[in-house]
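# Structural description and commentary
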Amino acid sequence: MEHGAKVRARYFAALHPSVCMAYFVAAIGLTLACSHPAAAALSLAGGTAFSTLLRGGKETANTYKFVLPMFLLIAIGNPLFNHRGATMLFMLFDQWITLEAICYGLVSACTLSAIIVWFACYQQVMTSDKFLYLFGNVAPNTALLITMTLRFIPKLKKDAADIAAAETMLNGKPQRLTQKLGAVMRRLSVLLTMSMEAAVETADSMRARGYGEARRTTFHLFRFDTRSAAIMAAVLSLAAVCTAGRIYGYGYMEFYPRIYALDTDAGGAAMLAAYVAVMFMGAILEMKEAAVWRSCGLTE
Amino acid sequence: MALVRIDGINFTYAGAKGPALIDASLEINEGEYVLLTGASGCGKTTLIRQIKPELTPAGTREGSITYDGVAIESLNTRRAAAEIGFVQQNPDNQIVTDYVWHELAFGLECMGLSVGVIRRRVAEMAAFFGMESWFRSKTYALSGGQKQLLNLAGALAMDPRLLILDEPTAMLDPLAARELLDAVGRINKELGVAVLITEHRLEQVLPAADKIAVMERGRIISQGEPRETVRNLCRSGERDRLFFGMSAPVRIFAALGREELPLTVRDARLGLKDMLGDKKAQPLSVAAPKISAEPVLNAKELWFRYDAKGADVLRGADISLCEGELMCLLGGNGAGKSTLLSVLCGLNKAYRGKVKLDNGKKLCMLPQNARTLFTADTVLGELMDASDGDEARAKAMAERLELSGLYDSHPYDLSGGETQRLAIGKLLLRDANVLLLDEPTKGLDAYAKLQLANMLKGLCKEGAAILAVTHDVDFAAQYADECAMMFDGGIISRGEPHEFFGGNRFYTTDANRIAGDVAPGCITSGEVASQCKKLLQ
């Protein structure tokens with residue numbers, strides 16, 4: 001939706017915001033609820049696939065530059081500082097390293113990584129206007145305030161750059177630290193004066209168009225079409241199956257004192273299938289969309 | 001019955017000594033296009049804000065204003081908001097929200113209309129103004145012209161009966177200004193919305209207006225049908241200040257002492273042919289420019305782009321500036337003019353080519369928004385800041401720039417012309433002697449332009465070198481020692497103004513368009529008038 005930016009999120013971005021929101025709540029919520037190696041790995045894989053299709057490989061790799069060190073930190077840190085667990089492997093710095101702590105570290109590192117990747121996708125899909133649409137009717141004035149802030153930030157950046165250029169014209173490039181501090185203070189004060197002046201005009205423009213006249217409605221461009229309805233139904237029913245499974249006890253692993261999980265029977269298989277479907281739904285839908293474009297010879 | 005009737009009002013700002021409006025009366029009929037004109041600071045904005053109750057400044061008012069037969073004070077607030085649209089000068093500061101579609105809907109949201117109704121109205125607006133291609137853009141990514149068009153559309157979406165515009169084109173370049181005024185004209189002609197506009201660019205508004213009202217020092221000194229009012233103005237003793245603001249057709253014909261004054265270039269061309277028959281003037285001979293000195297600023301084959309993968313903005317631009325020279329750099333939007341300035345003054349660095357500045361010269365750029373230079377609360381404070389506390393120097397500079405009466409004013413309260421002069425004064429106090437100006441005439445009325453030009457010429461006489469980027473063809477023709485044309489990242493032509501504009505058919509002054517064939521070589525109204533006078537004798 002960004003003007004001029006690369007547009008990748010085609011399928012999901014065009015869905016109704018409530019569907020997007022439901023999907024992310026389901027994916028992130030289930031990842032958090034299921035503490036199980038398979039669940040964590042599947043969520044990370046699904047999220048990464050979705051991110052690659054939505055944001056491109058380069059952006060996803062950028063996310064991983066942050067995710068990988070964090071993964072290692074938790075995976076290594078947990079067994080070093082946590083000595084619970086019955087299966088003692090060896091001594092390090094006079095402390096027992098346990099198998100359970102190693103496994104728990106790996107699983108929680110994986111879960112946390114998955115959540116970060118999912119949130120990166122969330123940011124791409126849930127632009128400010130969608131968020132405001134979902135929550136704007138509850139608090140229209142707060143929604144307006146957020147909108148105005150979002151409008152204000154780029155303007156503030158530009159003004160700050162202009163002021164810095166003008167200041168350089170007048171006083172040259174500051175050399176010493178005291179000069180630099182002085183320059184920053186001066187710039188801030190100019191920026192403040194300019195912004196206040198601008199705010200008066202903005203307020204005039206709002207009053208001229210009847211701000212405060214009636215309870216505001218919040219306008220939007222979204223439609224709840226049949227496609228959105230179908231996806232919504234799928235997300236809700238799959239999430240319901242997973243929730244039921246999780247309540248029954250599937251998709252959860254005890255680590256301490258000993259690793260223990262329910263055996264995989266028919267119920268477990270059903271939950272696994274639903275879980276996989278939720279985690280990969282985003283990626284599959286985006287892939288399907290890309291395939292449609294290719295088959296029509298319309299690739300970018 | 002008149003839509004708006006202003007009846008003999010006086011208005012005094014709260015805390016002010018004298019009144020800002022004196023016995024002002026004006027009528028606006030349903031569907032009428034009314035132009036309100038006058039020098040800056042004559043009370044135009046004060047007057048039009050009396051008609052928009054939400055924006056009326058604090059103060060005391062005598063006399064009556066009625067809207068559709070209702071006293072404006074007791075007008076239903078909902079009606080006032082919807083039926084009287086208001087567009088201000090600054091395109092940026094009026095925008096409230098982050099997306100174009102949301103901005104269009106803002107007023108309708110305030111009215112509490114349902115999403116379905118708003119959707120239809122917003123779609124209508126986007127279609128009427130041809131906004132479809134940028135409908136989903138973020139507002140900050142728009143050009144100034146698009147922003148102002150959006151503000152206009154936002155007001156129109158409320159379905160007003162009267163649209164008030166307060167110098168809507170002051171911050172726009174001529175092309176964007178033309179588009180905006182065309183849109184205003186369409187709104188008036190096709191939708192029958194009454195328009196009250198204050199504007200300096202008379203050449204485009206005069207032909208469209210049904211009525212003009214001229215203000216001076218808080219009074220409406222003349223009003224009526226445009227042609228007649230202009231004629232009366234030119235005949236009466238008020239010629240001095242207001243006359244500068246008249247368009248070239250009016251000035252030429254008034255100077256020739258004609259009764260019938262044309263308002264458009266076409267009418268003036270035909271009128272001149274009628275008057276002169278087959279007579280033709282000798283080509284105007286102009287003394288060759290005296291520039292011979294070595295350039296103080298010399299830039300050769302500058303190449304620049306903003307990021308490594310982007311397109312080149314400067315493609316081998318050459319420019320040189322001599323001592324005592326005022327050069328105007330002209331060219332369309334996106335030709336790279338402002339970028340060239342930023343490279344010349346060192347804010348950006350060319351990746352190929354060099355900028356050479358003579359020893360002992362100091363180069364400064366006046367930014368497009370001169371207010372970015374202001375750090376103090378008073379005019380004197382500003383100048384003292386630049387003179388490092390030397391009061392004598394600061395006061396001498398104020399004297400020279402005709403700012404001495406304004407020592408205690410806040411820099412933000414100055415008129416456009418005064419703002420420019422104060423900013424230039426600050427740079428001069430920093431010993432700048434090579435000045436780069438970015439659109440110095442933007443938003444100035446004709447008189448302020450003249451004042452600025454005189455000041456710049458004065459500086460040049462004292463040895464300064466000035467390069468001004470401008471869209472103002474008339475300004476360049478009248479005052480520049482040399483003009484340069486920028487196109488596609490390079491300077492494609494340069495020369496003395498007569499030689500530069502004289503040969504052009506399209507990119508030239510109105511005076512040259514009117515009289516290019518009967519008085520060859522003339523590029524200002526004054527030259528055309530004097531050549532034609534000689535022919536008529």
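Just so it is clear, the model here is predicted, and its values are computed rather than measured.

### Notes on the overall build of chain A
Broken down by element type, chain A carries 8 helices and 4 strands. Along chain A, helices and strands appear, N-terminal first, in the series α-α-β-β-α-α-α-α-α-β-β-α. Projected onto the principal axes, the alpha-carbon positions of chain A cover approximately 70 × 60 × 45 Å. Looking at chain A as a whole, 33% of its 300 residues are labelled buried. Expressed as a percentage of contacts within chain A between residues at least 6 apart in sequence, the contacts between residues at least 24 apart total 74%.

### Things to note about the interface of chain A and chain B
Every contact between the two is made by 42 residues of chain A and, on the other side, 54 residues of chain B. Going through the elements one at a time, α4 (128-136), α5 (140-171) and α6 (177-208) of chain A are the ones with two or more residues in the side of chain A that touches chain B. Looking at which element gives the most residues to the side of chain A that touches chain B, the answer is α6 of chain A, with 13 residues. Taken together, the residues of the side of chain A that touches chain B sort by class into 18 nonpolar, 11 polar and 13 charged.

### A word on the domain arrangement of chain A
Entries for chain A in the domain assignment read domain 1 (17-132 + 226-295) and domain 2 (139-208). For domain 1 of chain A and domain 2 of chain A, the distance between their C-alpha centroids amounts to 42 Å.

### Regarding helix α6 (residues 174-191) of chain B
Residues and elements named next belong to chain B. Helix length check: α6, at 18 residues, gives a terminal C-alpha distance of 25 Å against a target of 26 Å (1.5 Å per residue), a fit within 8%. For α6, the complete set of buried residues consists of Ala 176, Ala 177, Leu 180, Leu 181, Val 184, Ile 187 and Asn 188. Projected down its long axis, α6 shows its buried positions confined to an angular sector of 135°, all on one face. Those residues of α6 that are exposed and angled more than 90 degrees off the buried face are Leu 175, Asp 182 and Glu 190. In this fold, the buried residues of α6 make contact with β3 (33-37), α5 (144-156), β7 (162-166), β8 (194-198) and α7 (202-205). Phi for Gly 192, located one or two positions after α6, is positive at around 70°.

### Description of the pairing of strand β9 (residues 211-216) of chain B
Residues and elements named next belong to chain B. Pairing between β3 and β9: 4 bridges, direction parallel. Along β9, the bridge assignment pairs Leu 36 with Ala 213. Pairing geometry for β9 and strand β10 (residues 219-224), over 5 bridges, is antiparallel. Bridging from a neighbouring strand, Val 214 pairs with Ser 222 of β10. Here β9 folds back onto β10, and the loop between the two strands holds 2 residues, one of which, Arg 217, carries a positive phi near 45°.

### Considerations on the nonpolar core
Nonpolar side chains tend toward joint burial in soluble globular proteins. Among the nonpolar cores identified, the biggest contains 186 residues, and Leu 435, Leu 436 and Ile 466 of chain B are the most heavily contacted of them. Top element by residues in this core is helix α3 (residues 100-110) of chain B. It accounts for 7 residues. Ranked by size, the runner-up nonpolar core spans 48 residues in total, among them Leu 15, Ala 101, Cys 242 and Tyr 275 of chain A.

### Focus on unusual backbone geometry
Residues and elements named next belong to chain B. Phi is positive for Asp 388, which is not a glycine, with a value near 55°. In this fold, Asp 388 is placed in the loop between α13 (379-386) and α14 (391-400). Under the C-beta neighbour-count criterion, Asp 388 is labelled exposed, with 10 such atoms within 10 Å. Phi angles above zero are rare outside glycine, and Asp 431 is one such case at about 65°. Among the structural elements, Asp 431 can be located in the loop between α15 (416-429) and β16 (434-438).

### Digging into the domain arrangement of chain B
Residue and element names in this part refer to chain B. As assigned here, chain B comprises domain 1 (4-246) and domain 2 (295-515). Taken together, the contact pairs 13 residues of domain 1 with 13 residues of domain 2. Its residues placed into classes, the side of domain 1 that touches domain 2 shows 6 nonpolar, 4 polar and 3 charged.

### Some words on the sheet that holds β16 of chain B
Residues and elements named next belong to chain B. As summarised here, the arrangement of the 6 strands in space is β15-β16-β17-β13-β18-β19, forming an open sheet in which the pairing is mixed. Two strands lie at the open edges of the sheet, namely β15 (363-366) and β19 (490-495), each paired on one side alone. Neighbour-to-neighbour, the strand axes of this sheet turn through a mean angle of 20°, independent of strand direction.

### Considering the sheet that holds strand β4 (residues 59-67) of chain B
Backbone hydrogen bonds hold the strands of a sheet together, and the pairing may be parallel or antiparallel. Residues and elements named next belong to chain B. An order of β2-β1-β4-β5 is seen for the 4 strands of this open sheet, with the pairing classed as antiparallel. Both outer strands of the open sheet, β2 (21-28) and β5 (70-71), are each paired with one neighbouring strand and no more. Pairing of strand β1 (residues 4-13) with β2 involves 5 bridges; the strand directions are antiparallel. Note that in β2 the partner of Arg 5 across the bridge is Glu 27.

### Examining the confidence of the model for chain A
Confidence in the prediction for chain A averages 87 pLDDT; 96% of positions are at 70 or higher. Residue range residues 1-7 of chain A is modelled with pLDDT below 50. Its contacts to residues more than four positions away, or to other chains, number 7 contacts.

### Thoughts on the environment of Leu 314 of chain B
Residues and elements named next belong to chain B. Summarising the element assignment, Leu 314 is placed in strand β12 (residues 314-322). Taking the C-beta count within 10 Å as the criterion, Leu 314 has 26 such neighbours and is therefore assigned buried. Between the C-alpha atom of Leu 314 and that of Thr 339, which follows or precedes it by 25 residues, the distance is 7.6 Å. Setting aside residues up to four positions removed in sequence, Leu 314 forms contacts with Leu 302, Trp 303, Phe 304, Gly 336, Thr 339, Leu 340, Val 343, Ala 350 and Gly 489.

### Considerations on the environment of Asp 23 of chain B
All names here are of chain B. Relative to the helices and strands, Asp 23 is located in strand β2. Counting along the chain gives 343 residues from Asp 23 to Leu 366, while the straight-line C-alpha distance between them is 40 Å. The residues contacting Asp 23, other than those within four sequence positions of it, are Gly 8, Asn 10 and Arg 219.

### Some thoughts on the packing of α15 of chain B against helix α16 (residues 446-461) of chain B
Residue and element names in this part refer to chain B. In contact at an axis separation of 9 Å, α15 and α16 are set at 20° when each is read in the N-to-C sense. Classified by the angle between their axes, α15 and α16 sit roughly parallel to one another. Between α15 and α16 the crossing geometry is right-handed. Residues Gly 416, Gly 417, Gln 420 and Arg 421 of α15 pack against Ala 448, Gln 451, Leu 452 and Met 455 of α16. A class-by-class count of the residues in the contact of α15 with α16 yields 3 nonpolar, 4 polar and 1 charged.

Rules of the game
Residues numbered from 1 in each chain as written. Chains lettered and ligands numbered in written order. Predicted model: local features only at pLDDT ≥ 70, side-chain atom pairs only at ≥ 80, totals over all residues. Helix = DSSP H or I, 4+ residues; strand = E, 2+ residues; numbered from the N terminus. Buried ≥ 20, exposed ≤ 12 C-beta atoms within 10 Å, placed from the backbone. Contact = placed C-beta atoms within 7 Å. Nonpolar A, V, L, I, M, F, W, Y, C, P; charged D, E, K, R; others polar. Domains from an automatic or database assignment. Expected span 1.5 Å × (residues − 1). Arc of directions from axis to C-beta. Pairing = 2+ DSSP bridges. Core = buried A, V, L, I, M, F, W, Y, C linked by C-beta atoms within 7 Å. Axes fitted to C-alpha atoms, helices over the stretch in contact; angles between N-to-C directions. pLDDT = per-residue confidence, 0-100. Parallel < 35°, antiparallel > 145°, perpendicular 65-115°, else oblique. Left-handed = near helix turned anticlockwise from the far one by under 90°.

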